[in-house]
Structures are given as C-alpha cells and as structure tokens.
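# Summary of structural features
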Amino acid sequence: MKKKLPEIMEDMRQALLGRKKDHSWSTSASDAYSATVDGIKGFSSDTLSKTAQRFNEALPYIERAGYDVTEIEVGLGLSPKVVPHLRLRELISDDEERALLFETREKKLVNTILSSLFRASSTRKNLKFNKFHFTDIELELSILPTVVLKFKPNDAHQPVPDIEEEVAEEPLALTAHEDGTSNTDG
C-alpha cells in the first residue's frame, strides 16, 4: 500500500528529529513525488465539487468559531483549490473552541478547518510587523491544505499600539522654544 503525503512528511520529520533510524531520504523523496503526482491526478473537478460541498457543511461551524467569509476563490490548474477568505469577527473562549472541536470530531474536514483557524488565531497574536496589522485568513483547501495569515499596511491615521506605547514611555530629551532656546527634559 502506498503511503499518503502526510505520512511521508511525518516520516521525514521523525528522521530529522532523530527518532527514525535507517531512514532513506531518496526513498522518501521518491514516495513524496509519487504521492504528489497521484494526488494531483486524483484531484479532479469532481473532487473540487466535493471540496466545495464539504466547505458548505463547514460554514456554520466557521461562523460559530467567530469568523465571517468575505469571499471564496476557486483556483483551476495543475493543483485546483478552493480558497475561502475569512475575517475574524470575535474571539471565542478556549472552552467554546474545545466544544466545537469535540462536536466536529467525526467531520474530518470541518475539524481540520477549525483546528487550523484556532492555531492561526493563536499564532497571529505572536506575529508583530511594524506598520502592518492582521486583517484576514485564507484557507487553501487543496491537496496540501494551507492557512495564510494576511497583514495589511496600517493607515496613516492608525497608530501601531506596540510602537506608540514604546515611544510614549521614552522621555523627551530636548524641548525647543519659540525663541530658539532649548532645554533638556529629564
């Protein structure tokens, strides 16, 4: 029986961590290539329709998780994909997250989507970019599902809280007066 790509990647990860002895990198690379090509061949328009149908089933859970869907892209090509764009409306509690994951444990795609959203929400809190703020999430539902966090530039009027707080805490060293003289503030 051929291994699926996630199993191959896990084997490679275990080998990198030193937990899988006698690992063959050339066999893993060959298996990964075969699994990817087989996956691409099998991801037909019928599969794309099924993915859209499963996403429709996931939509009420996504909304309960605090997200709104702002648009959906469908990518047609060698690796077709459905890409819903989501905007965080509200943060739900850890208890609510666990309850949703428990409720959807038998619905593999729904559970995977919710798990990804909760991980992304947690991750975005730790990502700080000067002059950019978190806006949206894209879910790329394809052979290799991906979550994309989107950050957009701050408006000229919108201060970045972390930077503004740091600047406000620093004492002003020099104050200029209208008469051209200056003094230092402590």
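Residues numbered from 1 in each chain as written. Predicted model: local features only at pLDDT ≥ 70, side-chain atom pairs only at ≥ 80, totals over all residues. Heavy atoms only, no water.

## What about the overall build of the protein chain?
What the protein chain contains, in helices and strands, is six helices and six strands. Shown N-terminal to C-terminal, the secondary structure of the protein chain runs as helices and strands in the order α-α-α-β-β-α-α-β-β-α-β-β. The long-range fraction of contacts in the protein chain, counting pairs at least 24 apart against all pairs at least 6 apart in sequence, stands at 47%. Entry remark: accessible area of the protein chain is about 12,900 Å², with carbon and sulfur atoms responsible for 53%. (Helix = DSSP H or I, 4+ residues; strand = E, 2+ residues; numbered from the N terminus. Contact = heavy atoms within 4.5 Å. Areas by Shrake-Rupley, 256 points an atom, 1.4 Å probe, with all protein chains shown as cover.)

## A closer look at the environment of alanine 120
Residue placement: alanine 120 occurs in helix α5 (residues 108–126). Beyond its immediate chain neighbours, meaning those up to four positions away, alanine 120 contacts Ile137, Val147 and Leu149.

## Some remarks on the confidence of the model for the protein chain
On average, residues of the protein chain score 76 in pLDDT, and 67% of them reach the 70 mark or higher. No element of the protein chain has a lower mean pLDDT than helix α6 (residues 161–169), which averages 41, and none a higher one than helix α4 (residues 94–103), which averages 95. Low confidence marks residues 159–179, where pLDDT is under 50. Its contacts with residues over four positions away, or in another chain, come to 21 contacts. (pLDDT = per-residue confidence, 0-100.)

## Things to note about unusual backbone geometry
Non-glycine residue lysine 131 carries a positive phi angle of around 70°. By secondary structure assignment, the location of lysine 131 is in the loop between α5 and β3 (132–140). Given the relative accessible area of 60%, lysine 131 is considered exposed. (Buried < 20%, exposed > 50% of the residue type's maximum accessible area, 1.4 Å probe, protein only.)

## Topic: the side chain of threonine 104
By secondary structure assignment, the location of threonine 104 is in the loop between α4 and α5. Classification of threonine 104 as buried rests on a relative accessible area of 0%. With residues near it in sequence (within four places) discarded, threonine 104 still touches Tyr61, Val110, Asn111 and Leu114.

## Notes on the pattern of salt bridges
Here the structure, examined in full by the defined rule, presents seven salt bridges. With its nearest N and O atoms 3.8 Å apart, the salt bridge here joins lysine 81 to glutamate 140. Of this pair, lysine 81 sits in strand β2 (residues 81–88) while glutamate 140 sits in strand β3; the two residues are 59 residues apart in sequence, bridging distant segments of the chain. Here lysine 150 and glutamate 138 are joined by a salt bridge, their closest N and O atoms 3.1 Å apart. Of this pair, lysine 150 sits in strand β4 (residues 146–153) while glutamate 138 sits in strand β3, and the two are twelve residues apart along the sequence. Take lysine 150: its relative accessible area is 27%, and that puts it in the partly exposed class. Using a relative accessible area of 11% as the deciding quantity, one classes glutamate 138 as buried. Through salt bridges with shared partners, one network takes in Asp68, Arg89 and Glu90. (Salt bridge = Lys/Arg side-chain N within 4 Å of Asp/Glu carboxyl O.)

## Re the pairing of β4
Pairing of β3 with β4, which is carried by eight bridges, proceeds in the antiparallel orientation. Bridged to phenylalanine 134 within β4 is phenylalanine 151. Hairpin geometry of β3 and β4 is characterised by an intervening segment of five residues between the two adjacent antiparallel strands. (Pairing = 2+ DSSP bridges.)

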